[in-house]
Amino acid sequence: MGISFGNPWILLLAVPSCVFILWGYVKNSRIKRTGEKYSLVLRFIIVLLLILSLAGFSIKKYSDKTTLIFAVDLSNSTREVRGSMADFMRRSMENKPAKYQTGIITFGKDTFVEQPLSFDMIFHGLETIPDPNYTDIGSGLQMASALMPDDTQKRVLLLTDGNENMGEAIQRAKSLSHQGIRIDGVFFDTEPGAEVQISSLDVPTKLYEGEAYDITITIDSTINTDGNIRLYANRSLVGEQGIEILKGENRFIFKDTALEGGIKTYEAELDVKRDSIKQNNRIVTYTEVQGIPILALVEGQEGDGRELAGILESAGMNYKIYDPSSLPKELEELRKFQGTILCNVSADDLGEEKINILDVYAKSLGRGILFTGGDNSYALGGYMDTQLAEMLPVDLDLNHKAEVPDLGLVLVIDKSGSMADGQYGISKMDMAKEAAIRSTESLRTMDYVGVVAFDSEALWVVNTQHPEDLDGIHEKILSIPAMGGTNIYPGLSLAYESLRGLNTKLKHVILMTDGQSMPGDYDGMLDKMKKEGITLSAVAVGQDADQFLLEELAKSGGGRYYFTDEFADIPKIFTKETRMASQSYIQNRTFFPTITEHSPIISGFKEGFPPLDGYITTLSKNTATMALSSDTMDPILAEWQYGLGRVVAWTSDIRGAWTKNWLSWDQTEEFWLGVISRILPFGDDSQGFIETSLHGNQGQISVKLDHNMKEDLDGEAIIIGPKGKETIVPLEVTRPGKYEGNFGITMPGVYIVNTRHSKGGKIVNTLEAGLAVNYSPEYDLRQSGSIDFLKEIVAQTGGRIIDNPEEIFREDPEPVWTQTGIWPWLLPIALLLFVLDIAMRRLNIADLIGKHFKLAGDKAAKDQGHGGRIVRGENQKARGQRATEPGIEKERRSPKTAGKNVHEGTSKDPEDEAPGFTTQLLKARKGDKRKRL
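Residues numbered from 1 in each chain as written. Predicted model: local features only at pLDDT ≥ 70, side-chain atom pairs only at ≥ 80, totals over all residues. Heavy atoms only, no water.

## Topic: a negative patch on the surface
Link 1 in the chain: Negative charge collects at one region of the surface, where Glu468, Asp469, Asp471 and Glu475 lie side by side.
Link 2 in the chain: Along the chain, Glu475 falls in helix H12 (residues 470-478).
Link 3 in the chain: With a relative accessible area of 59%, Glu475 lands in the exposed category. (Patch = residues over 30% accessible without salt bridge, like charges linked within 9 Å, V, L, I, M, F, W, Y side chains within 5 Å. Areas by Shrake-Rupley, 256 points an atom, 1.4 Å probe, with all protein chains shown as cover. Salt bridge = Lys/Arg side-chain N within 4 Å of Asp/Glu carboxyl O. Lys, Arg positive; Asp, Glu negative; His and termini not counted. Charge placed at Lys NZ, Arg CZ, Asp CG, Glu CD. Helix = DSSP H or I, 4+ residues; strand = E, 2+ residues; numbered from the N terminus. Buried < 20%, exposed > 50% of the residue type's maximum accessible area, 1.4 Å probe, protein only.)

## Regarding the sheet that holds strand E27 (residues 534-541)
Link 1 in the chain: One open sheet accounts for 6 strands, arranged E25-E24-E21-E26-E27-E28; its pairing is mixed. For this open sheet the edge positions go to strand E25 (458-465) and strand E28 (558-564), each flanked by a neighbour on one side alone. This sheet shows a mean twist of 10 degrees between the axes of neighbouring strands, independent of strand direction.
Link 2 in the chain: Contacting strand E26 (506-513) and E27, helix H14 (residues 522-531) runs over the sheet at an angle of about 135 degrees to E27. (Pairing = 2+ DSSP bridges. Axes fitted to C-alpha atoms, helices over the stretch in contact; angles between N-to-C directions. Contact = heavy atoms within 4.5 Å.)

## A look at the sheet that holds strand E19 (residues 368-372)
Link 1 in the chain: Spatially, 8 strands are ordered E17-E16-E18-E19-E35-E34-E33-E30 in an open sheet, and the strand pairing comes out mixed. In this open sheet, the two edge strands, each paired with only one partner strand, are strand E17 (318-322) and strand E30 (594-595).
Link 2 in the chain: Contacting strand E16 (294-299), strand E18 (339-343), E19, strand E34 (635-642) and strand E35 (645-650), helix H18 (residues 668-679) runs over the sheet at an angle of about 145 degrees to E35.

## Let's talk about the side chain of Lys572
Link 1 in the chain: Counting through the fold element by element, Lys572 comes out in helix H16 (residues 570-581).
Link 2 in the chain: Looking at Lys572, its side chain comes within polar contact range of the side chain of Asp349, at 3.1 Å.
Link 3 in the chain: When neighbours within four sequence positions are excluded, Lys572 is seen to be in contact with Ser346, Asp348, Asp349 and Arg438. (Polar contact = N/O pair within 3.5 Å; in protein donor to acceptor, adjacent residues only side chain to side chain.)

## Points about the packing of aromatic side chains
Link 1 in the chain: For the structure on display, the rule yields 24 aromatic pairs.
Link 2 in the chain: The interplanar angle of 80 degrees and the centroid separation of 5.3 Å between the aromatic rings of Phe591 and Tyr615 together place this pair among those described as edge-to-face. One end of the pair, Phe591, is in the loop between strand E29 (586-587) and E30; the other, Tyr615, is in strand E31 (residues 615-616), with 24 residues separating them in the sequence.
Link 3 in the chain: Relative accessible area serves as the criterion here: at 3%, Phe591 is assigned to the buried category.
Link 4 in the chain: An angle of 75 degrees between the planes, with centres 5.3 Å apart, marks the rings of Trp662 and Phe671 as edge-to-face. (Phe/Tyr/Trp six-rings, centres within 6.5 Å; stacked < 30°, edge-to-face > 60°.)

## Section: H16
Link 1 in the chain: Taking 1.5 Å of rise per residue, the 12 residues of H16 would be expected to cover 16 Å, and the 16 Å separating its terminal C-alpha atoms lies within 8% of that figure.
Link 2 in the chain: The buried fraction of H16 is high, at 12 of 12 residues. (Expected span 1.5 Å × (residues − 1).)

## Concerning the environment of Ser479
Link 1 in the chain: Looking at the element boundaries, Ser479 is found in the loop between H12 and helix H13 (488-500).
Link 2 in the chain: Measuring from C-alpha to C-alpha, the distance between Ser479 and Val461 comes to 8.6 Å, with 18 residues separating the pair along the chain.

## Things to note about the environment of Leu13
Link 1 in the chain: Here Leu13 is to be found in the loop between strand E1 (2-5) and helix H1 (14-27).
Link 2 in the chain: As for Leu13 and Val47, which are separated by 34 residues in sequence, their C-alpha atoms are 9.5 Å apart.

## Regarding the side chain of Asn754
Link 1 in the chain: Locating Asn754 in the fold gives a position in strand E41 (residues 749-759).
Link 2 in the chain: Within polar-contact distance, the side chain of Asn754 engages the backbone oxygen of Ser364 at 3.1 Å.
Link 3 in the chain: Beyond its immediate sequence surroundings of up to four residues, Asn754 is in contact with Ser364, Leu365, Leu644, Glu716, Ala717, Ile718, Ile720, Leu767 and Glu768.

## Let's talk about the environment of Lys791
Link 1 in the chain: Inspection of the secondary structure assignment puts Lys791 in helix H19 (residues 787-795).
Link 2 in the chain: Considered as a pair, Lys791 and Phe187 are 604 residues apart in the sequence and their alpha carbons are 9.2 Å apart.

## Looking at the pairing of strand E8 (residues 196-202)
Link 1 in the chain: Among the 7 residues of E8, 6 are classified as buried, and the element is accordingly described as predominantly covered.
Link 2 in the chain: Pairing between E8 and strand E10 (residues 212-221): 6 bridges, direction antiparallel. From the neighbouring strand, Ser200 faces E10, where its bridge partner is Thr218.

Interpretation note: all reported values are geometric properties and have no functional meaning in isolation.
Here it is, written out as structure tokens:
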């Protein structure tokens, strides 16, 4: 046993510190007092304790204990030998000496503690489940070293097949060697049995449109067998054939032609009769086809994009027409189009899923989108409160537009018994309530709204009022029951009476019914409504509705007629009609568009533009470019950069309803081709190139920009995973013109990588690439385990390969020096003594202790009689006398005074005292006195 110090030089402070304390006591004459002597001793002890603590005082001793951690590889490549691993550890624990403490960790891609360190570990089997798709031996070794205590010998027993595909085990082993940790290895052979896998799927990385090319599929096998292989391109089957597979490497070739531009993904699948692993029977890759861009043309109604399709066809551009339901809902299919044109398409027809795909398509893939107007687009198409509103360069909310007139709106809703019917558990009444609620939400606080419900009679559900308490209004609407007959007239009468006295610029009624109404004076009612400036629109629901009556009411009432047999369309119709009724969204007038801001689209049209007859009202967003505006400065043509892509909004139509003069214009083709060119991706490889690679579970991106771009730019990459999930990672400058970044791999498939570089917030460069991630290397039979790799690991620490469990504890490790730190305990002890020192000085505890010892000494001397030493009398201070040696007393006082003091200082004659030195002295003095007398 011995002692050691972490900072021995601090011990040099001990002597000067003690001398300084002593000097202070001597200087102030405090050392003469008994209590201060105790305080001085305490302060010496406190200072010494503090110095020893700062110096890192420790006790060293030998320890013969050993820590052994089993590091067990539970990756997929060892799945067949896990039972053997558990059995090996179980048998080894039978021979464990008492001085060994053991623990177990497991690892794959990550690491877990299976069992913590214990001298009495009981092992029944492996229970933790690390991610098995990778083998990170280095991570397992690092965890083992972190669990090792300092006061024992340290050993790691590594159980693995040596198939590392992630991390750096050799470097980690070297680090453990420096820490005095020894690694021994147990090798488990995982040579695959009957196994067949697709090893590669090879296509040219870049192709030109129209080019024919070969697709090579390589299959490796450990046996002779047969099977079937299928090849998919963009998830469509392009080839299938039965194959005979021989042991070793096999190659099969398919042929394909690049028919359209963009990134094209391939997937190969293999079915075989004899196979042990299915995960490696599927593989993906991609190629990029360059050529004439292809556009997706989406028509809200048939014919909405007819004129634009003719322009594209005459220009030789490729396009494909869709309706909202047939538009691809998979990003993988949609991304083959360089641009998408939405011709008067409503948000409800697209659906939330496709809207979100379009958002990623533009923002992250860098594709362009053109929106065109009509009665089913923008606010009338339900774009508000959807992602489409975020994508647009125009604002749909007109609440801040001062010239928008106020509106009085009354909804007249059929609540007859037939309204309880429905589809898929949702009644027409439910849809009517939802429609009424949506209508109220489309109004401003300056507007008025009322709700009338009718069957054979009519009643007010919501009295006409400002839509301020929407929650209360919605509760009343939701309470409408469905019962009774159908009589429209009383409902219209209540609506008329409410609106005629209302002081608003616009007054409108929306009527909805699904049945045949009782007769009424409808002509008279319509005449009265016209006089009061009240308009009427009608909605017929289902084939049983009185369609003729409703159409006539709408036509004579100056409104619009709607028919639907899809009950889910009712809310959409009400929302659209409410916004149209305000006359704030549809502008039906003829005007000449005005150039407002510079844009490449209009740079070549110096002679102006033909007139338009209407448009959908919007507002320009702050960061957007409003190239053309109306005579009231409303946007007609606006554009902006949306992420990596560009979005253009044309608020008039392209069918001819408002653009009759525009379509007959001799420069219309040039104009629209310029608009379409604006939405096409502008990035290309002439500005640089991008490379992607896979390292473990990390994708790596390397971008090298054109040599002319010498200034460092802000770079980032948008990663779109196989399921469409988007991730943004920064790109760091590694050297001038080169940018790099990493992203995590979560599943197999093709990852689309889009990079963008900007300066001052303006995007100056975009590039696109992909990364094909296939099955885990754990399933690759070409990457089987290696005992040579395991030998290299253990050699770094002087370990060995162990074959039998009995060998593990056969060696008797040499004892090691261990240190136990005492210094942490010295600080609290010093603190306690410091408190005691303060208490002694404040409460005079030292003086009390001194008096106690003095009185105890006097009593002991009195009891001893002749002790041959000075004996102090009792209570000297009170009695004013002191017993001392004769010679000393004679020098200090006269015999007379001394005798008097002796006599007066006691309650009885000294002769009565017990025999002793003091008694004899007193007697002698009395005898001398008598003789003198």
